[in-house]
Amino acid sequence: QIVLGKDKAFTYDYVYDVGTEQNDIYNGCIETLVEGCFHGLNATVLAYGQTGSGKTYTMGTGFDVTVLPEEQGMIPRAVRHIFTGIATRCDEAKRSNLSLPQFEVTAQFLELYNESIIDLFDTTRENVRYIYE
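The structure reproduced in this document is the subject of the present report. Since the structure is predicted, the reported quantities are computational estimates derived from the model, not experimental observations.

## A word on helix 3 (residues 74–95)
And step 1. Spanning 22 residues, helix 3 covers 31 Å between terminal C-alpha atoms, matching the ideal 32 Å at 1.5 Å per step.
And step 2. Residues of helix 3 that are buried make contact with helix 1 (22–37) and helix 2 (55–59).
And step 3. One or two steps after helix 3, the chain reaches Asn97, where phi turns positive at roughly 55°.

Here's what the structure looks like:
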């Protein structure tokens, strides 16, 4: 936890150094969150840092189709993990002659920029929220 001033406390679970591989970050802190979703839990991953610190690269939201698999960010890895997990569970149910499990996948893709929360799935950008103290 970091405390700034008298009343601003920030708690975090993980901090990675610049040389950390994408796979190590995913396996270290995100993989278990995604697995938890298969047990009814919600999950949130937040990348925080100053401009130019690598958030877009780490999260994998640059949408570069030429990126190598080992360089893929957290979002593409999590999406693949979710849908592979769904397929695996459906296959296991079929092999066991059980009814197929039902899944509902919902997602939010938000950007916090200055004091604005922007829904990146909202193409109209009409629903920008502002944060005030």
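## Structural notes on the packing of aromatic side chains
And step 1. Using the criterion set out here, one finds 3 aromatic pairs in the structure.
And step 2. Centroid distance Phe38 to Phe103: 6.2 Å. Interplanar angle 85°. Geometry classified as edge-to-face. Of this pair, Phe38 sits in the loop between helix 1 and helix 2 while Phe103 sits in the loop between helix 3 and strand 3 (110–113); the two residues are 65 residues apart in sequence, bridging distant segments of the chain.
And step 3. Sitting over the face of the ring of Phe38, Arg89 holds its NZ or CZ atom 3.7 Å from the ring centroid.

## Here we look at the nonpolar core
And step 1. Of all hydrophobic cores here, the largest spans 11 residues; its members are Ile25, Tyr26, Cys29, Ile30, Val34, Phe38, Met59, Met74, Ala78, Ile86 and Cys90.
And step 2. Those elements that provide at least two residues to this core are helix 1 and helix 3.
And step 3. It is helix 1 that provides the largest number of residues to this core, a total of 5 residues.
And step 4. Those residues in contact with Cys90 that sit more than four places away from it in its chain are Leu100, Pro101 and Phe103.

About the criteria used
Residues numbered from 1 in each chain as written. Predicted model: local features only at pLDDT ≥ 70, side-chain atom pairs only at ≥ 80, totals over all residues. Heavy atoms only, no water. Helix = DSSP H or I, 4+ residues; strand = E, 2+ residues; numbered from the N terminus. Expected span 1.5 Å × (residues − 1). Contact = heavy atoms within 4.5 Å. Phe/Tyr/Trp six-rings, centres within 6.5 Å; stacked < 30°, edge-to-face > 60°. Lys NZ or Arg CZ within 6 Å of the ring centre and 35° of its normal. Core = buried A, V, L, I, M, F, W, Y, C linked by side-chain atoms within 4.5 Å. Buried < 20%, exposed > 50% of the residue type's maximum accessible area, 1.4 Å probe, protein only.

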